Protein chains: 2
Amino acid sequence: MKIQINQLNPKSLGFSFNKGIIIDCLKEVNSDVLSVFPELSVSGGILYNSTSYNDLFASSSHVCDNLISEKRDLIFGTPIEIEGKKYNSLVMIEKGEILALATKKNLSPLDIGFDKGEGVETINYKSQVLGFGFLEDLKDFVEKKTNIDILIICSNTLFYHQRQKDLLDELVVLARKLQTTLVFCNRTGAEGGFLFSGGSFILNSKGELCGLLPHFDYKSQTFETTALKPIFQNSPSKLQNLYQALTLAVKDYFHKNQIKKAVLGLSGGIDSALVVAIAVNALGKENVIGILMPSEYSSDHSIKDALDSAKNLDIEHYIVPIKECFEQCSNTFNSILPNQTFNVAEENIQSRLRCVSLMWFANKFGAALLNTTNKSEAAVGYGTLYGDTSGSISILADLYKTEVWELSKYINDQWLKVNPNSTQVPIPWNSINKAPSAELRPGQKDSDSLPDYDILDRILEEHLDNYRNSQEIVEIFEKESLRADKTIIDRIIKLVRINEWKRRQCPTAVKVTKNCFGIDRRVPIS
Amino acid sequence: MKIQINQLNPKSLGFSFNKGIIIDCLKEVNSDVLSVFPELSVSGGILYNSTSYNDLFASSSHVCDNLISEKRDLIFGTPIEIEGKKYNSLVMIEKGEILALATKKNLSPLDIGFDKGEGVETINYKSQVLGFGFLEDLKDFVEKKTNIDILIICSNTLFYHQRQKDLLDELVVLARKLQTTLVFCNRTGAEGGFLFSGGSFILNSKGELCGLLPHFDYKSQTFETTALKPIFQNSPSKLQNLYQALTLAVKDYFHKNQIKKAVLGLSGGIDSALVVAIAVNALGKENVIGILMPSEYSSDHSIKDALDSAKNLDIEHYIVPIKECFEQCSNTFNSILPNQTFNVAEENIQSRLRCVSLMWFANKFGAALLNTTNKSEAAVGYGTLYGDTSGSISILADLYKTEVWELSKYINDQWLKVNPNSTQVPIPWNSINKAPSAELRPGQKDSDSLPDYDILDRILEEHLDNYRNSQEIVEIFEKESLRADKTIIDRIIKLVRINEWKRRQCPTAVKVTKNCFGIDRRVPIS
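Bear in mind the structure is a predicted one, so any value in this text is a computation, not a measurement.

Colleague: I keep staring at the overall build of chain A and nothing clicks. Help me out?
Modeller: Per the secondary structure count, chain A includes 17 helices and 20 strands. Burial statistics for chain A: of 526 residues in total, 53% are counted as buried. Partitioning the intrachain contacts of chain A with sequence separation of at least 6 by distance along the chain shows that 67% fall at a separation of at least 24.

Colleague: How should I be thinking about the domain arrangement of chain A in this particular structure?
Modeller: How big an interface is tends to be stated in terms of accessible area lost as the parts join. If you check the domain split of chain A, you get domain 1 (2-236) and domain 2 (255-509). When each unit is reduced to the centre of its C-alpha atoms, the spacing between domain 1 of chain A and domain 2 of chain A is 39 Å.

Colleague: I would appreciate a short explanation of the interface of chain B and chain A in the present structure.
Modeller: Taken together, the contacts link 58 residues of chain B with 58 residues of chain A. Only α2 (54-68), α5 (238-256), α8 (323-336) and α9 (344-365) of chain B provide two or more residues apiece to the side of chain B that touches chain A. A per-element tally of the side of chain B that touches chain A places α9 of chain B first, with 13 residues. Of the residues contributing to the side of chain B that touches chain A, the split by class is 29 nonpolar, 19 polar and 10 charged.

Colleague: Could you clarify how one ought to interpret the environment of Ile303 of chain B in this entry?
Modeller: All names here are of chain B. Assignment of secondary structure puts Ile303 in helix α7 (residues 300-313). C-alpha separation for the pair Ile303 and Met293, spaced 10 residues apart in sequence, amounts to 8.7 Å. Once residues within four sequence positions are removed from consideration, Ile303 is found in contact with Gly268, Leu292, Pro294 and Ser298.

Colleague: Sorry, what's going on with the nonpolar core here?
Modeller: A general tendency of soluble globular proteins is for nonpolar side chains to be buried together. Within the largest apolar cluster, 198 residues are counted, with the highest numbers of intra-cluster contacts made by Leu195 and Ala279 of chain A together with Ala279 of chain B. Here Ala279 of chain B is in contact with Val250, Ala262, Leu264, Val288 and Leu370 of chain B, once residues within four sequence places are set aside.

Colleague: What is the right way to look at the sheet that holds strand β8 (residues 150-155) of chain A in this model?
Modeller: Whether parallel or antiparallel, the strands of a sheet pair through hydrogen bonds between backbone atoms. Residue and element names in this part refer to chain A. The strand order across the open sheet built from six strands is β6-β7-β8-β9-β12-β13, with neighbouring strands paired in mixed fashion. The sheet is open, and its two edges are formed by β6 (121-125) and β13 (209-212), each paired on a single side. Across this sheet, the average inter-strand angle for adjacent strands is 15°, counted without regard to direction. Where strand β9 (residues 181-186) meets strand β12 (residues 201-203), three bridges bridge the pair, whose relative direction is antiparallel. Pairing of Val183 across the sheet is with Ile202, part of β12.

Colleague: Looking at this structure, how should I read the confidence of the model for chain A?
Modeller: As a general rule, the predicted coordinates of low-pLDDT regions are not to be interpreted in detail. In this model, chain A carries a mean pLDDT of 94, and residues with pLDDT of at least 70 account for 100%. Both scores are given for the predicted complex: the pTM is 0.95, the ipTM 0.94.

Colleague: Whenever I open this one, the sheet that holds strand β2 (residues 33-36) of chain A confuses me. Can you help?
Modeller: Residues and elements named next belong to chain A. One open sheet accounts for six strands, arranged β5-β4-β3-β2-β1-β14; its pairing is mixed. Pairing within the sheet leaves two strands with one partner each, and these edge strands are β5 (97-103) and β14 (219-224). Pairwise comparison of adjacent strand axes, ignoring direction, gives a mean angle of 30° for this sheet. Looking at chain direction, strand β3 (residues 73-82) and strand β4 (residues 85-94) are connected through nine bridges and run antiparallel. If you follow Gly77 over to β4, its bridge partner there is Leu90. Docked against the sheet, helix α2 (residues 54-68) engages β3, β4 and β5, running at close to 155° with respect to β3.

Conventions adopted
- Residues numbered from 1 in each chain as written.
- Chains lettered and ligands numbered in written order.
- Predicted model: local features only at pLDDT ≥ 70, side-chain atom pairs only at ≥ 80, totals over all residues.
- Helix = DSSP H or I, 4+ residues; strand = E, 2+ residues; numbered from the N terminus.
- Buried ≥ 20, exposed ≤ 12 C-beta atoms within 10 Å, placed from the backbone.
- Contact = placed C-beta atoms within 7 Å.
- Domains from an automatic or database assignment.
- Nonpolar A, V, L, I, M, F, W, Y, C, P; charged D, E, K, R; others polar.
- Core = buried A, V, L, I, M, F, W, Y, C linked by C-beta atoms within 7 Å.
- Pairing = 2+ DSSP bridges.
- Axes fitted to C-alpha atoms, helices over the stretch in contact; angles between N-to-C directions.
- pLDDT = per-residue confidence, 0-100.

Here you go:
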């Protein structure tokens, strides 16, 4: 049997676009091929409250009718309403007739508004027993112990570190247990902060990998199930995955929202230097605009590093000194409430005026602002709300500072592999190597108020990702002879808690771990 | 049997505070009384991801031990971990012995991280059959058809319009069906944007109301179940509920976060005039600071109306003209990118500089900023991100503009009932009566770019609360002979959709309807 795996990148609620890309795939192959498409190909998703609207089901139904009229063999995902019940469904069509329907039974927290369905489906197709269903419902096949020749799984699997490998391992076991050829068809693309990693594959009945589609990219590929040959494929490294994932997140955010240009502030620090490199990779250098906004507390090397960043990437950039704006605001406010000493209020004015400036440029260019906050800062609230926490999408929100450094080095190293003699690396080495500082007062360093980032990030990782409390972290640190006493650990955990209200107002975070702020993690704010 | 209903206002994760208020209630009555407490009295709630931490269960267990050692009769709500399973539980204690445990079976979307429990419990207590459990699990009693003498329901019921009345009606039917005395013990207070309305009650076995605790306030009251007498109680009006609810939301946000003072911008418009009146009611006039920030586009009456508002409420207030700050920013930006025409970019500078100013005052006073956005504006994106959308908590985010007017009139009318000759009403009549304007350019009126608010709000209500699409709304409007053609309705619905990304960055909204932005409503952002 010939199976075409279509690793689509549909648009949320983009029915006619989605119909178009599905039909394009059908046209690529002959009518003896079974074309397989991901979960919710018709509507895109995450759908959230859209399931409450009749439009969703009417528009989906309209696309389904169009696909049926193509008189081809295919399996695709779509929302369907049947007798008042709303299902996340897979439809199997043979030559213009609906052959079978699988409705999702084990709903995930993202299947908001869908009703519980019947689970997986098994049918006879071209003298073979074909099973199909959603990833969440696979246990049913094991329980039913049906003999299946070919198993097709259509999915919308969210990306996070390790997920791709874990999933492959899991499905290899399943293919062996059921002794079946297994097709895993996953979508790619980004929607808001969610990433879908693609990486669709086909396994033979020994569980051997016989085909792997790329990660984070659209691809359509056809396999003959009677002629599958094992392949060997290295898993992409964590940093390779991260670079591709973040690039795709930026690209899809802008393309799907029909925004062409991105604006961001370049401080000379590592976070903005990394974000601008990713943005150029995603949108092209002609669509990224860097704004340097030095204040009187900015060091000379900051300005130089920021300029290097803009020049190395060859992007349009402007220098907007904020000194006079700062003085005017400070004088105006102090004239109303005199005799105030310089404190966090003045530090915040600088950060917020930078936001005013960036948004002015964004408005003038019809651009969107990229946020550069990392997960370490977001965790402890090291940032000014309506200042440097602003932006349309937060690219690094799920990367600890130590990972920001790692990824930056990786990007430069990859660049140097291709351009071994280049001195203009995408991310200035000085931005990577210098001690981080917010530069909101003279000589300020992050390490004045925070432990070193390797310690901070380890505390945060244990607390946020492994859900450990203070005492448990102390024990881990003692066991591994790491520096940091209970006072510091307690202070960090308290900072995480009291800054929840700030994080609630931060831009959509791009999720690359299991526990991303905003999307996955909530704690009380009062 | 004597039953004490304790309508507590616990703190999220405030274990020792919560233990204190529970023990205080026990001390108020003799040891022959059965004391009843709400769901999650020990831990407070909404707990979100806190259930992933061992602390939650260790601290809860510690409080439980303390309560057991009081050697009294009581039923209270707490998280409990049993053999690795985490339950939202009700514990019944008799003279220092655990008599029974009910664990929640039908988990709500807010019971994140809890495992599915066993449901309701029935026990013999003082020669009576006593049933107890969670509101979500009540169907079990009907299905089991047990004869129960007294039914006790412990709850954390979220407030929204109509909920109190619907709930009472529902439980009256249940009491009649089971022919049982029914105790409904609900919590009060606010947590982040969530409101718990209290209004605990007791019904006799005919379903007659025999006792009702206040709405939105702490109260402890004891009833003799053999001597219940029907009472007649008028339901509070929608506006009375709203005023109490919003006042409590502000009060608890500040008290629970240990913030004393509130800052807000006074524009002379109705939204800020209403919020400042609510803030004074919640926090006292000595804790509310009004900042007037006129620009060159502010009309004379705006400044007068804003001053009237501050003076009528007798609050500290400052006038901070933003003209010079605006000019400095505008000149700086235009010198970098010359020959720009005045457009939305300049309108936004004004709104954002007001935010810079407000946050400076908030920082200097150690105060929190109150947001004044209403639901109509939030829906169509009529507001400047990092400008007037900023603040710690958004008081009016779940009130349409027409409701803002209604509530303002109600507050003035209530004031005049007590002070019939006063000319200084809490909300200046002129703020209520004038045409609304953002005053970001000469002569600007909201109605320049939006339909009249009665039409806009009706479209929004049908779309947001009743999940109707454009065509369905057109049909309703035709049927009711309302003005507004499909073009306008389509435009409004499109505005709702394209502004989702802005709303994701807005402050925590106080929820007073079934479909509040931020908490309940999500649609895709790309």
